[in-house]
Amino acid sequence: MHSLNVALGARSYPIIIGPKLLGDAQYLLPSIRGRQVCVVTNETVAPLYLARLLKGLPGFDKVDVVELPDGESYKTLNTVNRIFDALLEKRHNRTTTLIALGGGVVGDMCGFAAACYQRGVDFIQIPTTLLALVDSSVGGKTGVNHPLGKNMIGAFYQPRLVLADTDTLTTLPGREFSAGIAEVIKYGLICDAPFFLWLEANMDALLQRDTAILAYAVDRCCRDKAAVVASDERESGRRAILNFGHTFGHAIETVQGYGAWLHGEAVAAGMVLALELSRLCGSVDNNLLGRLRSLLRKARLPQRPPAGMTVTDFLQAMALDKKVVNGRLRLVVLKALGEARVAEDTPREKVIDALKNCGVR
Ligand SMILES: NC(=O)c1ccc[n+]([C@@H]2O[C@H](COP(=O)([O-])OP(=O)(O)OC[C@H]3O[C@@H](n4cnc5c(N)ncnc54)[C@H](O)[C@@H]3O)[C@@H](O)[C@H]2O)c1
Ligand SMILES: [Zn+2]
């Protein structure tokens, strides 16, 4: 078992990582302050893991379950409203604890509901996808999509605990597992060069979901993310490096329609574009692009944007992205392997060149 602390003063919390954690009351109980609990999950994850989780919640006055429909297309205010309906109908008060059991979609919505319900109640993240274990469950970004843009409605709201049971990944479909690997590779690129080398050496074992290798990788990613978040909780500066590849990736998700490309797949292609942009800015060479492409190929992730998308599609979608500040496009580029910076005003021409060099018409 690995454990670490996300250091955010009064909002600090532990992340516990390892197999066989779900259903073990000793990990959950210390982080639940009241007598009421509401588990938020979805129709896919509930049959797999809900019973195991409930075994770890003995002796509560009230344990309710809200089962949401599955899919990024349901990550909306309407769906969050179903959580509020259940909490009010079942008379949950301000001492209740919400538990998110699922991937990033469930985690983002449950966290947002926790931030809003009675102006804020406790919540716990139990991530069950690789992407959620290494990324979305850590750091307190919560929210939903709007038809005009992804994650446009939300709040910063930290959980009280992240319980990352690596056994849940045994049932994760291969395509979803690969999507999570994109975020794993991201940490190596932006802040952890030794981890990038480790991934080059261990990608096969990771893809086979070797228990020890998996726990090591999850721990390493959570440490990398926790360090970045601790230095800049609300993304006024350094935290933005976590968006490496994401402005391009969000454009892909928005134009293709939520759910057509998985978030991690879009981020994979987005990281290639962001690295090409870094190369055009003169900071990295072709060799690193080749190494990234080869890791993505091994992980069965896209290495280029969708064939149908044009330069105009990208520019329009990127103009709506949250990273546009006062009309200036802020993009994350690499200074070197393991070192990222936010480029405040990237010339449009450079972005267009990067897109074209990666095959976008
Ligand atoms: N909050 C953040 O900081 C942050 C960071 C990155 C991504 N995100 C968000 O996370 C979302 C993507 O998360 P995701 O990739 O986990 O997608 P997801 O939540 O849609 O889960 C992917 C699929 O796997 C299923 N599933 C989940 N756990 C499973 C398991 N153990 N076995 C079998 N099936 C399982 C889900 O039901 C779903 O069908 C996006 O909405 C993205 O915006 C948030
Ligand atoms: Zn992401």
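Report on the accompanying structure. The structure presented is a predicted model; accordingly, all values stated were derived computationally and were not measured.

Looking at unusual backbone geometry
Here is step 1 of the chain: A positive phi angle, near 60°, is found at R209, a position not held by glycine.
Here is step 2 of the chain: If you trace the backbone, R209 turns up in the loop between helix 7 (193-207) and helix 8 (211-231).
Here is step 3 of the chain: At E235, a position not held by glycine, the phi torsion is positive, near 55°.
Here is step 4 of the chain: Relative to the assigned elements, E235 resides in the loop between helix 8 and helix 9 (246-256).

Observations regarding the coordination of the zinc ion (ligand 2)
Here is step 1 of the chain: Bound to the zinc ion (ligand 2) on the protein side are E183 (OE), H246 (NE2) and H263 (NE2), at distances that span 2.0 to 2.1 Å.
Here is step 2 of the chain: Sequence positions of the residues that donate to the zinc ion (ligand 2) give the spacing E-x62-H-x16-H. With a gap of 63 residues between them, E183 in helix 6 (residues 174-191) and H246 in helix 9 connect regions that are remote in the sequence.
Here is step 3 of the chain: Using a relative accessible area of 5% as the deciding quantity, one classes H246 as buried.

Focus on the packing of aromatic side chains
Here is step 1 of the chain: According to the stated counting rule, one finds 4 aromatic pairs in the structure shown.
Here is step 2 of the chain: Taken together, a centroid distance of 6.1 Å and an interplanar angle of 15° make the contact between F123 and Y157 stacked. Here Y157 lies in the loop between strand 8 (149-156) and strand 9 (161-165) and F123 lies in strand 6 (residues 122-127), a separation of 34 residues in the sequence.
Here is step 3 of the chain: Residue classification places F123 among the buried residues on the basis of a relative accessible area of 1%.
Here is step 4 of the chain: Aromatic pair F195 and W198: ring centres 5.5 Å apart, planes at 20°, arrangement stacked. Placement of both F195 and W198 in helix 7 is noted, with a separation of 3 residues, approximately one turn of the helix. Taken as a pair, F195 and W198 share a single burial class, namely buried.
Here is step 5 of the chain: Of the aromatic side chains, those joined through ring pairs into one cluster are F195, W198 and Y216.
Here is step 6 of the chain: If you follow K186 out to its NZ or CZ, it ends over the ring of Y187, 5.2 Å from the centre.

A word on the pairing of strand 5 (residues 97-102)
The side chains of a regular strand alternate between the sheet's two faces.
Here is step 1 of the chain: Counting buried residues in strand 5 gives 6 out of 6 residues, a clear majority hidden from the surface.
Here is step 2 of the chain: Residues T97, I99 and L101 point to one face of strand 5 and L98, A100 and G102 to the other, with burial holding for every one of them.
Here is step 3 of the chain: With 4 bridges joining them, strand 3 (residues 36-42) and strand 5 adopt parallel strand pairing. Bridge pairing links V40 to A100 in strand 5.
Here is step 4 of the chain: As defined by bridge partners, strand 5 adjoins strand 6 across 6 bridges and the pair is classed as parallel. Within the sheet, the bridge partner assigned to G102 lies in strand 6 and is P127.
Here is step 5 of the chain: Between the parallel pair strand 5 and strand 6, the chain is carried across by helix 4 (residues 104-116), and the sense of this crossover is right-handed.

Reading the values: rules and limits
- Residues numbered from 1 in each chain as written.
- Chains lettered and ligands numbered in written order.
- Predicted model: local features only at pLDDT ≥ 70, side-chain atom pairs only at ≥ 80, totals over all residues.
- Heavy atoms only, no water.
- Helix = DSSP H or I, 4+ residues; strand = E, 2+ residues; numbered from the N terminus.
- Donors = N, O, S within 2.8 Å, 3.2 Å for Na, K, Ca; no water.
- Buried < 20%, exposed > 50% of the residue type's maximum accessible area, 1.4 Å probe, protein only.
- Phe/Tyr/Trp six-rings, centres within 6.5 Å; stacked < 30°, edge-to-face > 60°.
- Lys NZ or Arg CZ within 6 Å of the ring centre and 35° of its normal.
- Pairing = 2+ DSSP bridges.
- Right-handed = clockwise from strand over helix to strand, strands pointing away.

Limitation: the analysis is restricted to geometry and does not speak to function.
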